[in-house]
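# Structural overview for review
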Amino acid sequence: MCGIVGYAGDKNVIPVLIGGLQKLEYRGYDSAGVAYLDGGKMNVIKEKGKLAGLEKLVKGKCAEHTIGIGHTRWATHGEPSCANAHPHINMVGDLAIVHNGIIENYLQLKESLERKGIRFVSQTDTEVIVHLIHYYLKDDLKEAVSTAISKLKGSYALGVISERFPDEIVAVRKDSPLVVGLGKGENLIASDIPAILEYTRDVYFLNNGEIAVIKKDGVELFDEVLNPIACEPYTVEWDVSQAEKAGYPHFMIKEIEEQPRVLADTLTPRLKDGEVCFDEVGLTDDALKKIKKITIIACGTAYHASYVGKYIIERFARVPVEVEIASEFRYKNPIMNGDNFVIVVSQSGETADTIAALREAKKRGAYVMAIANVVGSTVAREADSVLYTRAGMEIAVASTKAYTTQLMCLYLFCLKLAYAKGKMAPEEYRANVSGLAAIPDKVADILGQKDLLQKFAYEHFTEKSVFYIGRGLDYALAMEGSLKLKEISYIHSEAYAAGELKHGTIALIEEGTLVVAVLTQGDLIEKALSNVKEVTARGAVVLVITQEKYKDMAKDVADKLIAIPDAADFAATMTAIIPMQIFAYYMAVQKGCDVDKPRNLAKSVTVE
Ligand code: F6R
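Calculation notes
Residues numbered from 1 in each chain as written. Predicted model: local features only at pLDDT ≥ 70, side-chain atom pairs only at ≥ 80, totals over all residues. Heavy atoms only, no water. Helix = DSSP H or I, 4+ residues; strand = E, 2+ residues; numbered from the N terminus. Contact = heavy atoms within 4.5 Å. Pairing = 2+ DSSP bridges. Axes fitted to C-alpha atoms, helices over the stretch in contact; angles between N-to-C directions. Buried < 20%, exposed > 50% of the residue type's maximum accessible area, 1.4 Å probe, protein only. Polar contact = N/O pair within 3.5 Å; in protein donor to acceptor, adjacent residues only side chain to side chain. Near = heavy atom within 4 Å. Areas by Shrake-Rupley, 256 points an atom, 1.4 Å probe, with all protein chains shown as cover. 1 Å grid on protein atoms, 1.4 Å probe; cavity = no way out; pocket = protein on both sides within 12 Å on 5 of 7 lines; lining within 4 Å. Sits in = over half its atoms within 2 Å of the grid points.

### Concerning the environment of M91
Mapped onto the elements, M91 comes out in the loop between β5 (88-89) and β6 (95-103). In this structure, the C-alpha to C-alpha distance between M91 and F120, residues 29 residues apart in sequence, is 8.4 Å. Beyond its immediate stretch of four places on either side in the chain, M91 contacts G117, I118, R119 and H131.

### As for the sheet that holds strand β12 (residues 211-215)
In spatial order, the strands read β5-β6-β7-β8-β12-β13-β14; together these 7 strands make up an open sheet with antiparallel pairing. Sheet topology places β5 and β14 (228-229) at the edges, where each strand pairs with a single neighbour. Note that strand β7 (residues 154-162) and strand β8 (residues 165-174) share 5 bridges and pair antiparallel. The residue bridging A157 from the neighbouring strand is R173, located in β8. Seen against the sheet, helix α4 (residues 127-136) touches β5, β6 and β7 and runs at an angle of roughly 130° to β6.

### Looking at the pairing of strand β13 (residues 218-222)
Relative to β13, β12 runs antiparallel, the two sharing 5 bridges. The residue of β13 that forms the bridge with K215 is G218. Here β12 hands over to β13 after 2 residues, the two strands then running antiparallel side by side. In the sheet, β13 pairs with β14 via 2 bridges, with the strands oriented antiparallel. Its bridge partner being in β14, L221 is matched across the sheet by I229.

### Quick look at the side chain of Q547
Relative to the assigned elements, Q547 resides in strand β26 (residues 541-547). Residue classification places Q547 among the buried positions, given a relative accessible area of 0%. In terms of polar contacts, Q547 uses its side chain to reach the side chain of D569, at 2.9 Å. Those residues in contact with Q547 that lie beyond four places of it in its chain are L519, T520, I564, P565, D566, A567, D569 and A572.

### Examining the site of the ligand
The local shell around the ligand holds 13 residues, among which S346, Q347, S348, T351 and E487 are the closest. Between V397 and the ligand, the recorded distance is 3.4 Å, taken from a backbone N or O atom to an oxygen atom. E487 is positioned with one of its side-chain polar atoms (N or O) 2.6 Å from an oxygen atom of the ligand. Notes on the ligand: free accessible area 400 Å², of which the protein chains cover 89%. Of the pockets mapped on this structure, the ligand occupies the largest pocket.

### Considering the environment of I395
Assignment of secondary structure puts I395 in the loop between β22 (385-388) and α13 (401-420). The residues contacting I395, other than those within four sequence positions of it, are Y26, Q242, A243, F251, E255 and K603.

This is how it looks when you write it as structure tokens:
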């Protein structure tokens, strides 16, 4: 949802900005631009389309010992175009801003500014901000920014530069992420850490309302009323190599292949003497025992992970679980109070709907535990406790390793809860914990079947519609498999609870329709097989994903069968999703799609 970068230092600011934007392009890629001071004069260069267009325009340009800001856009207000691209400038062209977020009252502000004689040149909500700052600007840029934002309703992360204040970038945020990078003789701002990792690992996550003044030699921080505040930096553990493709053609396949490692990273530190240890979360067994009902809230892939969470928590811990789509939850006047234990699941920790749902839950007195990937993200900071997935940086827009590590966290929580509540005998608990411990190696084995899936994808990439079916946990998985396919290959796809097909959707199955049947759960496999037979009887071509141990039962209904190594059934979600991720990847590659940056999508959805 738009990426912002800013730099104050001695280097040629243009390649620094472009390099930062390259690392943020996953956040939006319909237009991009930079503004920088050169010889004290404002220069603004913008281009429609992906960043490559802007890169061509700025090639060979040099501006050292100066400041600059850059932006990659995901359009909300106004079509993707040069005029709507950021940075936006005031009428005299000596002030420039970049913005991530949405200004909800921009129309009223625009009308009032137009009455003052200001002419607008874009259709964006952002342009009102630059004119407001100009309007309030006297002899202190941060004061003008502070007054301007007091008029705004909505969300924003802003970077502002001015010819009149040639040494500084003013940055502020509300409900859109912004990180300050603290370097030596150079300082930066960015929407996300990868954009600044090349220069520093010391960062400060701006809190809502805080204003930062970034200069080459230092960063000053102020609270909402402009009192100075101390900067407590955080040192990032990731390194630059995680933001590189490392020889892979796409981030997505790199991230798929990282799953054995990141699953082990997520699991191993939480195991002690064969038991789940949650010291970092601060949830005692006594606190767990008191949990009576759980609501899991998330969006997209994280929502699908939450669904798996529901199945396993209800099965093992016998606690009722509701799963809510964050964008629905926030407006439904939810029935929630201090008796509810809420889990919010988010890779980025910056998804606007998820943050709003978290706040709604807290407002109603619920305890909120986050399962988040990005350390220091808003979700992680605002929740009462955090269980971090250790997926590392996820760059491909389509989530893969974040999903499986979310599952791992949900499993850990589930086993710990079930045991604390006395719903699982010690032997069963230990057996289930070792079932989880076996998963990373099994995932590694499945990656060895890539070629088979690639071949199958190449035979089917022209499909117009694909159905994913399963029962129980397999249905939860089918939802995620289907999302992976549609988001990156643009092939229509639907996930169905296998037993529900005959209540309407089976009408869509015809000769040659591709159906992916997920059959990993022993207690449901016979029922699920009957459902598969219902589609084969109508001419469907079936790709079966099953475990080795069920292969013989499933082979007769399969046109193609992928047998994954045997795992404990309850944990087979983390293995069975891998072939679906790989299949979606190769379908998209064969169709020539931009796998890492699918159309209309952005990695971090920081708008409603
Ligand atoms: C799909 C995908 C999205 C995200 C969703 C929530 O592959 O990545 O559906 O899962 O936008 O994002 P986070 O987890 O960052 O809150």
